Amino acid sequence: MNRLPEDVSRELERVVRRWRELSADHALAASGAVREVVQDLADVTARQPVPELGPAVLIDQLRVLVWDAASAGVPELAARLGELRRRLP
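Bear in mind that the values here come from a model prediction, so they are computed numbers and not experimental data. (Residues numbered from 1 in each chain as written. Predicted model: local features only at pLDDT ≥ 70, side-chain atom pairs only at ≥ 80, totals over all residues. Heavy atoms only, no water.)

Caption draft 1: Region of the structure containing the overall build of the protein chain. Counting its regular elements, the protein chain contains 4 helices and 0 strands. Scaling as 2.2 N^0.38, a compact globule of 89 residues should have a C-alpha radius of gyration of about 12 Å, and the protein chain matches this with 12 Å. With the principal axes as the frame, the protein chain shows a C-alpha extent of 35 × 25 × 20 Å. By the burial criterion, 39% of the 89 residues in the protein chain qualify as buried. By sequence separation, contacts in the protein chain at least 24 residues apart represent 68% of the contacts at least 6 residues apart. When the accessible area of the protein chain is evaluated, it comes to approximately 5,300 Å², of which 49% is carbon and sulfur surface. For the protein chain, the distance from the average site of its 13 positive side-chain charges to the average site of its 14 negative ones is 4 Å. (Helix = DSSP H or I, 4+ residues; strand = E, 2+ residues; numbered from the N terminus. Rg over C-alpha atoms; globule rule 2.2 N^0.38 Å. Buried < 20%, exposed > 50% of the residue type's maximum accessible area, 1.4 Å probe, protein only. Contact = heavy atoms within 4.5 Å. Areas by Shrake-Rupley, 256 points an atom, 1.4 Å probe, with all protein chains shown as cover. Lys, Arg positive; Asp, Glu negative; His and termini not counted. Charge placed at Lys NZ, Arg CZ, Asp CG, Glu CD.)

Caption draft 2: The side chain of Arg35, seen in detail. Within the element layout of this structure, Arg35 appears in helix α2 (residues 24–45). Here Arg35 is in contact with Val50, Pro51, Glu52 and Leu58, once residues within four sequence places are set aside.

Caption draft 3: Molecular detail of the nonpolar core. Trp19, Val34, Leu41, Leu62 and Val66 are the most contacted members of the largest nonpolar core, which has 29 residues in total. For this core, the secondary-structure elements that each account for two or more residues are α1 (6–21), α2, α3 (55–72) and α4 (77–87). Considering each element in turn, this core owes the most residues, 8 residues, to α2. Residue contacts for Leu62: discarding those within four places in its chain leaves Leu12, Val15, Val34, Val37, Val38, Leu41, Leu81 and Leu84. (Core = buried A, V, L, I, M, F, W, Y, C linked by side-chain atoms within 4.5 Å.)

Caption draft 4: Highlighting the environment of Pro49. For Pro49, the position within the fold is in the loop between α2 and α3. The sequence separation of Pro49 and Leu4 amounts to 45 residues, and the corresponding C-alpha distance is 23 Å.

Caption draft 5: Representation of the packing of α2 against α4 in the model. Following both chains from N to C, one finds α2 and α4 inclined at 160°, their axes separated by 10 Å at the closest point. The orientation of α2 relative to α4 falls into the category roughly antiparallel. Crossing of α2 against α4: the hand is right-handed. Residue-level inspection shows Ala33, Val34, Glu36, Val37, Asp40 and Leu41 of α2 in contact with α4, the latter providing Leu77, Arg80, Leu84 and Arg87. (Axes fitted to C-alpha atoms, helices over the stretch in contact; angles between N-to-C directions. Parallel < 35°, antiparallel > 145°, perpendicular 65-115°, else oblique. Left-handed = near helix turned anticlockwise from the far one by under 90°.)

Caption draft 6: Inspection of α3 at higher detail. Its 18 residues place the ends of α3 26 Å apart at the C-alpha level, agreeing with the 26 Å of an ideal helix rising 1.5 Å per residue. Burial in α3 covers these residues: Leu58, Ile59, Gln61, Leu62, Leu65, Val66, Ala69 and Ala70. One side of α3 carries all its buried residues, which in axial view fall inside an arc of 165°. Where the residues of α3 are buried, they touch α1, α2 and α4. Of the residues one or two after α3, Gly73 is the one with positive phi, at around 75°. (Expected span 1.5 Å × (residues − 1). Arc of directions from axis to C-beta.)

Quick look at the structure:
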């Protein structure tokens, strides 16, 4: 796969943009929600735990797992990312 589906790409970039706007305190508080999505996607694709490397790396982990999930054909990925974005403070 050379590109993410348009809806997935759009929602992923919205999540990334929102994450970058968060203060460190808000990012730390919201990291549980992002971490949950990251691990859920890893459970479906890699079937391995994702190391907890902190909020600074978490959004990069999300980007990688979204690509893996899209490549694996995980359904409703854009909707899941939209839900995550709405959960961010």
